[in-house]
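Chain by chain, the residues:
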Amino acid sequence: MHAVAGLLRPVAVAGALAATLAGHAAGVAVSGDVPVWLPGLAAAALALAGALLSGALAEGEAPVVRAVAAVAAGVLVSAAVPAAAHVSAGTGWMAVATAAALAVHAVSGGRPWLASPAAGTALAGFFLLGTGGVAAEPAVVRVAALVLFSYGAGIAMLACGPSWRGDRRAAYGALGLVASAVLLPLMLGWGGSGYAGLAALPFVLILAWRILPDALWAASDPRPVPARTAAVSGDAAVPALAAALAAGFAGLPGGLLLLALMPVAGVLERLRSDRGERA
């Protein structure tokens, strides 16, 4: 069981929860009454399932560990979908779509044109799951989901850098996706939607500081080390992006709450890595 637990990544769970809570902030801003516990539990279960499924398909793990991880992932998805569906039919279907995207990402095998849209869809799915089904109406909520899709897709494409074989178009495309995700949280309120782009500015600066140097490195040098560094930094910075969106919808306190997930997840991730090295 310790080997299976070692497959879980606190950073991935924190990013999924942050995206879901940002969606909750958007839903409350739009409708004023959106449940948070069931979507949050469903998001946590789906994030854990995605990590376990990736571990079950990874090379080098013992067959029994892979089998237990796959079964546990299925159990978590089976619990997450009904929990989400209890909120609304829309959130139930969103949980199904998010689970499917996580599965596709797990089996992508580092192929960028498969991993990239799957990662983006999963991250946007967590956000829409948190809205509680209100995303069918307001355009600003749908655009915010596209911001998360752009970020997830760009980071996944950078992580696949060694497979580009020197094709700079993929590098520039990935960098453009990440850069647009960094800038768009400042601009969502231009249409008079009630979104406060200025409140997102501190979190956008933190996001840019955290991800852009590594993204530029990975885009200019598609070797394994820069690609892996950009992927790790990108996963760790998801709470900063979610905080920027939450601050735009709910104000500065909401953003600060989500930003706190970033250092907490980082500490837990280091503890997990240290325990794995000692083992």
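Cut-off values and rules
Residues numbered from 1 in each chain as written. Predicted model: local features only at pLDDT ≥ 70, side-chain atom pairs only at ≥ 80, totals over all residues. Heavy atoms only, no water. Helix = DSSP H or I, 4+ residues; strand = E, 2+ residues; numbered from the N terminus. Buried < 20%, exposed > 50% of the residue type's maximum accessible area, 1.4 Å probe, protein only. Areas by Shrake-Rupley, 256 points an atom, 1.4 Å probe, with all protein chains shown as cover. Polar contact = N/O pair within 3.5 Å; in protein donor to acceptor, adjacent residues only side chain to side chain. Contact = heavy atoms within 4.5 Å. Expected span 1.5 Å × (residues − 1). Axes fitted to C-alpha atoms, helices over the stretch in contact; angles between N-to-C directions. Parallel < 35°, antiparallel > 145°, perpendicular 65-115°, else oblique. Left-handed = near helix turned anticlockwise from the far one by under 90°. Patch = residues over 30% accessible without salt bridge, like charges linked within 9 Å, V, L, I, M, F, W, Y side chains within 5 Å. Salt bridge = Lys/Arg side-chain N within 4 Å of Asp/Glu carboxyl O. Phe/Tyr/Trp six-rings, centres within 6.5 Å; stacked < 30°, edge-to-face > 60°. Nonpolar A, V, L, I, M, F, W, Y, C, P; charged D, E, K, R; others polar.

Tallying secondary structure elements over the protein gives 13 helices and zero strands in all. Burial analysis of the protein (279 residues in total) assigns 48% to the buried set. On the protein, roughly 12,500 Å² of surface is accessible, and the fraction owed to carbon and sulfur atoms is 71%.

With respect to the helices and strands, the residue S233 is situated in helix α10 (residues 224-236). Judged by its relative accessible area of 4%, S233 is buried. Here R210 takes part through its side chain, which lies 3.3 Å from a polar atom of the side chain of S233. The contact partners of S233, leaving out residues within four places of it in the chain, are Y151, R210, I211 and D214.

Our next topic: helix α5 (residues 89-107). Helix length check: α5, at 19 residues, gives a terminal C-alpha distance of 27 Å against a target of 27 Å (1.5 Å per residue), a fit within 8%. If you check which residues of α5 are buried, you get T91, G92, A95, T98, A99, A101, L102 and A106. Looking at the residues trailing α5, positive phi occurs at G109, about 60 degrees.

A word on the environment of R168. Assignment of secondary structure puts R168 in helix α8 (residues 168-183). Taking relative accessible area as the criterion, R168 reaches 27% and is therefore assigned partly exposed. Remark: the alpha-carbon pair of R168 and A219, spanning 51 residues in sequence, is separated by 8.0 Å. Those residues in contact with R168 that sit more than four places away from it in its chain are A219, S220, D221 and P222.

Moving on: the environment of L207. Along the chain, the position of L207 falls in helix α9 (residues 197-220). The spacing of L207 and A236 is 29 residues in sequence and 9.8 Å in space, taken between C-alpha atoms. Residue contacts for L207: discarding those within four places in its chain leaves Y151, V182, L212, A237, A240 and L241.

We now examine the side chain of S116. Structurally, S116 is set in helix α6 (residues 112-130). In this structure S116 comes out as buried when scored by relative accessible area, which is 3%. Polar side-chain contacts of S116 include one of 2.7 Å to the backbone oxygen of A153. Contacts of S116, omitting those with residues within four sequence positions, involve G152, A153, G154, A156 and M157.

Where helix α2 (residues 10-31) contacts α6, the two axes come as close as 6 Å, and the packing angle between them is 40 degrees. Regarding the angle of α2 to α6, the classification is oblique. The element α2 and its partner α6 pack so that their crossing is right-handed. Judged by residue contacts, A16, A19, T20, A22, G23, H24 and A26 of α2 engage L123, F126, F127 and G130 from α6.

What follows is about a nonpolar patch on the surface. Together, L57, V104, V107 and L114 make up an exposed nonpolar region whose accessible area comes to about 280 Å². Assignment of secondary structure puts V104 in helix α5. Looking at V104, the relative accessible area reads 32%, which means it is partly exposed.

This paragraph deals with the packing of aromatic side chains. Throughout the structure, instances matching the rule amount to one aromatic pair. When the ring of Y195 is compared with that of F249, the centres are 4.9 Å apart and the planes differ by 80 degrees; the resulting orientation is edge-to-face. A residue pair is termed long-range when its members are at least 10 positions apart, and Y195 in the loop between α8 and α9 and F249 in helix α11 (residues 238-250) qualify at 54 residues. The two residues Y195 and F249 agree in class, both being buried.

Turning next to the packing of α5 against α6. Orientation of α5 relative to α6, taken along the N-to-C sense of each, is 155 degrees, at an axis distance of 8 Å. If you check the angle between α5 and α6, you find them roughly antiparallel. Remark: the crossing between α5 and α6 carries left-handed chirality. Contact residues: T91, M94, A95, T98, A101, L102, V104 and H105 in α5; L114, A115, A118, A119, T121, A122, G125, F126, L128 and L129 in α6. Here the contact of α5 with α6 is composed, by residue class, of 13 nonpolar, five polar and no charged.

Quick look at the environment of P202 now. Tracing the chain through its elements places P202 in helix α9. For the pair P202 and A244, spaced 42 residues apart in sequence, the C-alpha to C-alpha distance is 7.7 Å.

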